[in-house]
Amino acid sequence: YSVNSIYLLLAGINAYLACYRFNRARSSIDSEISIYEEINSYPKLLVQLPIYNEQNSIIELLEHLNKCDYPEELVVQILDDSNDDTTHIVEDWIRNNSNPSKQFNHIRRNNRVGFKAGALKHGMSLESFDFIAIFDADLRPPAEFLKRAISFLNQNEKIGLIQGRWTYLNENENLWTKFQAVGMDGHFAIEQPARAWNNYFMNFNGTAGVWRRNCIQDAGGWQADTLTEDLDLSYRAQLEGWKLDYRADLICPSEIPSSVSAFKSQQFRWAKGSIQTALKVLPSVLKSKNSTKLKIEALMHLTHYMIHPLLLTNYFIGCLILNNQINLIWPQLEFIFLVILIACAGPTFLYRFSQKTLNKKLPLYFYPLMISLGCGLAVNNTRGVLEALLGKKSSFVRTPKRGNQTKFYRTNFDLWFLIEISLGLLGLTILVHSPTSHYFLVPFIALYTIGYLSIGLSSALEFMFDRKSQHKKLASAVISNNNIDAKSEAAYVSEI
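Here the structure is a predicted model, which means the values were calculated and not measured.

Caption draft 1: The overall build of the chain, seen in detail. Per the secondary structure count, the chain includes 17 helices and seven strands. Split into buried and exposed, the 496 residues of the chain put 56% on the buried side. For the chain, restricting intrachain contacts to residue pairs at least 6 apart in sequence, the fraction spanning at least 24 positions comes to 84%. Surface exposure of the chain reaches about 22,600 Å², of which carbon and sulfur atoms provide 57%.

Shown next, in the form of structure tokens:
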């Protein structure tokens with residue numbers, strides 16, 4: 001248990017170091033933080049929108065880009081791999097929204113080879129612009145986003161990417177959106193600037209960024225052999241000597257997945273993709289001439305999701321200790337307690353620091369809840385890590401966006417939530433019968449138990465609701481086929 005906690009301890013310490021590096025760079029006059037400046041001549045700019053079945057969100061994104069303030073030629077590629085009404089909606093919008101200063105090209109492929117990476121690569125082959133901006137369908141770029149990003153790129157030719165900071169349109173919608181917002185604030189408000197400002201390797205977040213074409217080409221272009229093509233390209237570019245920069249003041253609103261099932265799907269893809277990327281690029285990072293500090297930070301960055309199988313293992317060992325009343329001498333107990341306490345407190349401190357940095361306020365009880373829900377994701381994310389380590393291939397599964405909710409996109413459900421609920425019930429049983437001699441483990445097992453039950457039961461409720469919704473749609477189809485009168489059919493449609 002102690003040995004297994006060492007990596008968790010290192011992850012906790014790394015969270016403290018991120019806060020320290022952020023604070024040091026922010027207050028240093030030597031940090032490479034430049035201010036926004038207008039430039040005399042803006043370059044032509046290509047904007048790529050890789051989409052797949054996004055009829056709820058795509059129109060709002062197109063409207064924002066149509067209103068953007070960019071003084072030079074702007075070509076927007078709608079890289080549409082959809083197989084639903086999204087294609088017709090895009091075509092209708094382009095037909096009814098002509099703009100002499102902007103060109104919208106609707107691009108369709110015969111297949112989804114390479115998924116998002118394949119679409120971006122295909123779009124690049126059709127245009128030769130030197131600068132390329134990328135937005136997913138759930139982003140809403142402000143009018144000056146592109147001008148500001150190009151201005152920052154113009155200040156240093158060695159910068160291959162400018163990454164903007166996400167904000168969240170629906171962070172207060174429910175517990176899950178608030179949970180994700182706080183977690184991503186830790187990444188966007190602290191971790192990203194800490195890496196960029198201290199010349200460590202950072203990553204493109206897949207959207208709300210502007211690239212130099214030369215940087216993408218030097219790094220070997222978009223590749224689809226991992227589920228996190230953005231992280232993969234980022235590391236390959238930096239290994240080639242390019243600098244990627246992050247702008248905390250370059251803000252772009254986004255939509256957070258509002259359901260736990262969509263959130264788990266997204267987390268699974270990130271967990272599996274990051275470990276795939278680690279297996280692919282870490283050998284090159286470790287063999288490079290970069291500093292030892294950079295290599296250690298890159299190792300912690302790329303293997304971050306390894307904490308989840310370790311959390312799961314520690315949960316089982318903790319339950320075993322409590323259930324069997326294993327006799328441990330006090331020096332062992334004190335070491336274990338100290339290791340786990342530091343590991344748990346690191347991310348909590350980072351979340352707290354990020355909220356303070358962004359002038360946000362959260363009640364204190366929310367931070368242990370963050371740790372608990374993070375532990376509850378251990379089963380879901382461990383699956384992703386193990387699939388990556390075993391070399392199991394899987395397709396790129398998009399995260400459903402709600403947008404204006406003209407269509408309900410169904411998340412691919414599985415029955416793994418039964419395991420999460422079972423683990424929660426196991427922890428509950430162990431806690432009820434736990435001896436007082438091992439009280440130091442009780443709060444940690446309790447955090448796991450709350451997390452597993454919260455994630456598992458929420459997934460189960462969404463699964464049952466989705467099944468019920470599907471039955472209603474089926475009933476509506478049967479009624480329609482049997483030529484029931486229009487009034488009855490309208491009642492069913494209204495109910496749905």
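Caption draft 2: Highlighting the environment of Arg 26. Summarising the element assignment, Arg 26 is placed in helix 1 (residues 5–27). In this structure Arg 26 comes out as partly exposed when scored by relative accessible area, which is 42%. Spatially, the C-alpha atoms of Arg 26 and Trp 197 are 8.1 Å apart, while their sequence positions differ by 171 residues. In contact with Arg 26, other than residues within four places in its own chain, are Trp 197, Phe 353 and Thr 357.

Caption draft 3: Examining a nonpolar patch on the surface more closely. A contiguous nonpolar surface patch, about 730 Å² in accessible area, is contributed by Val 3, Ile 6, Leu 10, Ile 13, Tyr 16, Leu 17, Tyr 20 and Phe 349. Top element by residues in the nonpolar patch is helix 1. It accounts for six residues. Looking at where Phe 349 falls in the secondary structure, it is placed in helix 12 (residues 330–357).

Caption draft 4: Layout of helix 9 (residues 260–287). Across its 28 residues, helix 9 extends 40 Å between first and last C-alpha, which sits within 8% of the 40 Å expected from 1.5 Å per residue. Of all bends in helix 9, the biggest is about 45°, found at Val 281, and the proline Pro 283 comes one to four residues later. For helix 9, a buried count of 21 out of 28 residues is recorded, marking the element as mostly surrounded by other parts of the structure.

Caption draft 5: Representation of the nonpolar core within the structure. In terms of nonpolar packing, the biggest core is built from 90 residues, with Val 47, Leu 49, Phe 135, Leu 146, Trp 211 and Trp 222 touching the most fellow members. At eleven residues, helix 6 (residues 175–197) tops the list of elements feeding residues into this core. Apart from residues no more than four positions distant in its own chain, Trp 222 is found in contact with Ala 117, Leu 120, Lys 121, Met 124, Ile 134, Phe 204, Trp 211, Ile 216, Glu 229, Asp 230 and Leu 233. Tyr 7, Met 300, Val 379 and Phe 440 belong to the second largest nonpolar core, which has 28 residues in total.

Caption draft 6: Examining unusual backbone geometry more closely. For Asn 53, which is not glycine, the phi dihedral falls at a positive 55°. Considering the arrangement of structural elements, one finds Asn 53 in the loop between strand 1 (45–51) and helix 2 (58–66). We note that Phe 115 has phi near 50°; this positive angle belongs to a residue other than glycine. Relative to the helices and strands, Phe 115 resides in helix 4 (residues 115–126).

Caption draft 7: Highlighting the packing of aromatic side chains. Per the counting criterion, the structure on display carries 18 aromatic pairs. Ring centres of Tyr 16 and Phe 349 lie 5.6 Å apart, and the angle between their planes is 45°; this geometry places the pair in the tilted category. Of this pair, Tyr 16 sits in helix 1 while Phe 349 sits in helix 12, and the two are 333 residues apart along the sequence. Take Phe 349: its relative accessible area is 41%, and that puts it in the partly exposed class. When the ring of Phe 22 is compared with that of Trp 197, the centres are 5.5 Å apart and the planes differ by 20°; the resulting orientation is stacked. Taken together, the residues span a long stretch of sequence, with Phe 22 in helix 1 and Trp 197 in helix 6 at a distance of 175 residues. Accessibility expressed as a relative area gives 4% for Phe 22, which makes it buried. Residue class for Trp 197 comes out buried when judged on its relative accessible area of 18%.

Caption draft 8: Looking closely at the pairing of strand 2 (residues 74–80). Of all seven residues in strand 2, seven are buried, a share of seventy percent or more. Along strand 2, one buried face is formed by Leu 74, Val 76, Ile 78 and Asp 80 and the opposite face, lined by Val 75, Gln 77 and Leu 79, is buried too. Pairing of strand 1 with strand 2, which is carried by seven bridges, proceeds in the parallel orientation. What sits directly across from Val 47, in strand 2, is Val 76. Handedness of the β-α-β unit built from strand 1, helix 2 and strand 2 comes out right-handed. Sheet topology places strand 2 next to strand 3 (residues 102–108); seven bridges connect them, and they run parallel.

Caption draft 9: Fine view of the environment of Thr 429. Among the structural elements, Thr 429 can be located in helix 15 (residues 417–432). Separated by 106 residues in the primary sequence, Thr 429 and Asn 323 place their C-alpha atoms 9.4 Å from one another.

Caption draft 10: Inspection of helix 6 at higher detail. Compared with an ideal rise of 1.5 Å per residue, which puts 23 residues at 33 Å, helix 6 spans 32 Å between its outermost C-alpha atoms and is within 8% of the ideal. At Glu 191, helix 6 shows its largest bend, some 30°, and a proline, Pro 193, comes one to four positions later. Backbone nitrogen of Trp 176 and a side-chain oxygen of the N-cap are separated by 2.9 Å at the start of helix 6; the cap is Asn 174. Trailing helix 6 by a residue or two, Asn 199 shows a phi angle of about 60°, which is positive.

Caption draft 11: Main features of the packing of helix 1 against helix 6. In the contact formed by helix 1 and helix 6, the axes pass within 8 Å of each other and the chain directions differ by 60°. It follows from the interaxial angle that helix 1 and helix 6 lie oblique. Crossing angle aside, the handedness with which helix 1 passes helix 6 is left-handed. Mapping the contact onto sequence places Ala 18, Cys 19, Arg 21, Phe 22, Ala 25 and Arg 26 in helix 1 and Ala 189, Ile 190, Glu 191, Pro 193, Ala 194 and Trp 197 in helix 6. Considered class by class, the residues forming the contact of helix 1 with helix 6 number nine nonpolar, no polar and three charged.

Caption draft 12: Structural context of the sheet that holds strand 4 (residues 131–134). In space, the seven strands of this open sheet follow the order 3-2-1-4-6-5-7, with mixed pairing throughout. The two strands at the open ends of the sheet, each matched to only one other strand, are strand 3 and strand 7 (243–254). Within the sheet, the average angular offset between the axes of one strand and its neighbour, ignoring direction, is 20°.

How each quantity is defined
- Residues numbered from 1 in each chain as written.
- Predicted model: local features only at pLDDT ≥ 70, side-chain atom pairs only at ≥ 80, totals over all residues.
- Heavy atoms only, no water.
- Helix = DSSP H or I, 4+ residues; strand = E, 2+ residues; numbered from the N terminus.
- Buried < 20%, exposed > 50% of the residue type's maximum accessible area, 1.4 Å probe, protein only.
- Contact = heavy atoms within 4.5 Å.
- Areas by Shrake-Rupley, 256 points an atom, 1.4 Å probe, with all protein chains shown as cover.
- Patch = residues over 30% accessible without salt bridge, like charges linked within 9 Å, V, L, I, M, F, W, Y side chains within 5 Å.
- Salt bridge = Lys/Arg side-chain N within 4 Å of Asp/Glu carboxyl O.
- Expected span 1.5 Å × (residues − 1).
- Bend = angle between axes of the 7 residues up to and from the residue.
- Core = buried A, V, L, I, M, F, W, Y, C linked by side-chain atoms within 4.5 Å.
- Phe/Tyr/Trp six-rings, centres within 6.5 Å; stacked < 30°, edge-to-face > 60°.
- Pairing = 2+ DSSP bridges.
- Right-handed = clockwise from strand over helix to strand, strands pointing away.
- Polar contact = N/O pair within 3.5 Å; in protein donor to acceptor, adjacent residues only side chain to side chain.
- Axes fitted to C-alpha atoms, helices over the stretch in contact; angles between N-to-C directions.
- Parallel < 35°, antiparallel > 145°, perpendicular 65-115°, else oblique.
- Left-handed = near helix turned anticlockwise from the far one by under 90°.
- Nonpolar A, V, L, I, M, F, W, Y, C, P; charged D, E, K, R; others polar.

Read these as layout, nothing more, since geometry by itself doesn't imply function.
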